[in-house]
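A closer look at the structure
Residues per chain are reported as follows:
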Amino acid sequence: MKLARTRSTAAAVTAVLAVLSLATACNRESTASAASGGDKPAIGIDLPRSDSDFWNSYAQYLKKDIKADGVNALPLSNSQNDVTKLVANVQVFQNTGAKAVVMAPQDTGAIASTLDTLASKKIPVVSVDTRPDKGDVYMVVRADNRAYGTQACEFLGKQLGGKGKVAELQGALDSINGRDRSEAFAECMKTKFPKIKVFELPTDWKGDVASAKLQSLLAQHPDLNGIYMQAGGVFLQPTLALLEQKKLLKPAGEKGHIAIVSNDGIPQEFDAIRKGRIDATVSQPADLYAKYALYYAQAAAEGKTFKPGKTDHDSTIVKIPNGLEDQLPAPLVTKDNVDDTSLWGNNVG
């Protein structure tokens, strides 16, 4: 693989870390391929959560690529959307010889001290999907999340003819992804579709919270005609269930249909598009997240470096304040291209 190369707060009490490090064994998965890496540097990999179809798909791709590429992966851990568990899991990686760490911190503002510790130990970090607010990272493997919000806005705006009421099921606003999607969506709506009223509903990436807030909103605004879900992996099922319960789940093209655009690109969203239940989604590349997380982690452990610019895999590496970010492509999926076999959501299983 040819790429341009160059050199380029979660404060946890020690006693708590010690206890959690022991408990972490319950959250660790053995990988049959871990021993197949031979003399390759050991890579510590933390999965961020298991309550999302998107992240479960990412985990499947990781395990497949670890085996196929003979990566010397330490037993995988899962921090379950808990930054304290993530800190403890990383401590275990340090203690078991990790030469690089792959993580996807869901609270991007609370991981800085852990990144500082890893930097002091000269253990490079690859952050997947999320970009830590502070602390050095070797590479962030991520798509342009502002583009997610903009694409969702433009699609909904056109679907609604530039007027109406839209519920925005926001992710956690302490996450760079939640902020990027929300800010871009708001800016686009204000600039391009000022006659659309947007109701921002923060959810902390929790499906039950999203459903409860959407239910309250529908009681006040039964004429709602659009929904933007920032994470189909956690919002799709509860949103469709609620709309069906209230007899508001009308097929696309039928009078009374609520236009829905999502983010993730999971198979369930594709099925919903085919059935006319939702209209579009932005496909986050779970397969490429796994592939390039492992690629950069191994490169980091081997002392390789990169610089900003175009890559050979249809992406662009950009400079960020605390490192580099490889911005992978994330296409909009509608009824016109939902069956495209190049989309990972049509291949996972």
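Thresholds, definitions, all that
Residues numbered from 1 in each chain as written. Predicted model: local features only at pLDDT ≥ 70, side-chain atom pairs only at ≥ 80, totals over all residues. Heavy atoms only, no water. Phe/Tyr/Trp six-rings, centres within 6.5 Å; stacked < 30°, edge-to-face > 60°. Helix = DSSP H or I, 4+ residues; strand = E, 2+ residues; numbered from the N terminus. Buried < 20%, exposed > 50% of the residue type's maximum accessible area, 1.4 Å probe, protein only. Lys NZ or Arg CZ within 6 Å of the ring centre and 35° of its normal. Axes fitted to C-alpha atoms, helices over the stretch in contact; angles between N-to-C directions. Left-handed = near helix turned anticlockwise from the far one by under 90°. Contact = heavy atoms within 4.5 Å. Nonpolar A, V, L, I, M, F, W, Y, C, P; charged D, E, K, R; others polar. Arc of directions from axis to C-beta. pLDDT = per-residue confidence, 0-100.

1. Quick look at the packing of aromatic side chains
Each aromatic ring pair is summarised here by two numbers: the centre-to-centre distance and the angle between the ring planes. In this structure the tally under the stated criterion is 12 aromatic pairs. Residues tyrosine 61 and tryptophan 344 carry aromatic rings whose centres are separated by 6.2 Å and whose planes lie at 80° to one another, so their mutual orientation is edge-to-face. With tyrosine 61 in helix H2 (residues 53-69) and tryptophan 344 in the segment after strand E15 (332-333), this residue pair connects regions lying 283 residues apart in the sequence. Across the pair, tryptophan 344 and tyrosine 61 agree in class, each one buried. By way of ring pairs, the aromatic residues Phe54, Trp55, Tyr58, Tyr61, Tyr289 and Trp344 are connected into one cluster. The side chain of lysine 197 reaches across the aromatic face of phenylalanine 199, ending 5.6 Å from its centre.

2. Regarding the packing of helix H7 (residues 207-220) against helix H8 (residues 232-245)
At a minimum axis distance of 8 Å, the contact between H7 and H8 shows a crossing angle of 35°. In the packing of H7 onto H8, the handedness of the crossing is right-handed. Counting all contacts with H7, which are made through Gly207, Ala210, Ser211, Leu214, Gln215 and Leu218, the residues of H8 involved are Val234, Phe235, Pro238, Thr239, Leu242 and Leu243. Of the residues in the contact of H7 with H8, the class split is eight nonpolar, four polar and no charged.

3. Focus on helix H9 (residues 267-274)
Since the α-helix turns once every 3.6 residues, residues separated by three or four places project in the same direction. For H9, the set of buried residues is Glu269, Phe270, Ala272 and Ile273. Burial along H9 is one-sided: seen end-on, the buried residues are contained in an arc of 160°. For H9, the secondary structure elements touched by its buried residues are H8, strand E10 (259-264), strand E11 (280-283) and E15. Count one or two residues on from H9 and you reach glycine 276, which has phi positive near 80°.

4. Focus: the confidence of the model for the chain
Across the chain, the average pLDDT comes to 90, with 89% of residues at 70 or higher. For residues 1-26, every residue scores under 50 in pLDDT, and the model assigns this stretch 50 contacts once sequence neighbours within four places are set aside. Across residues 31-36, where pLDDT falls below 50, the model places 10 contacts with residues more than four positions away in sequence or in other chains.

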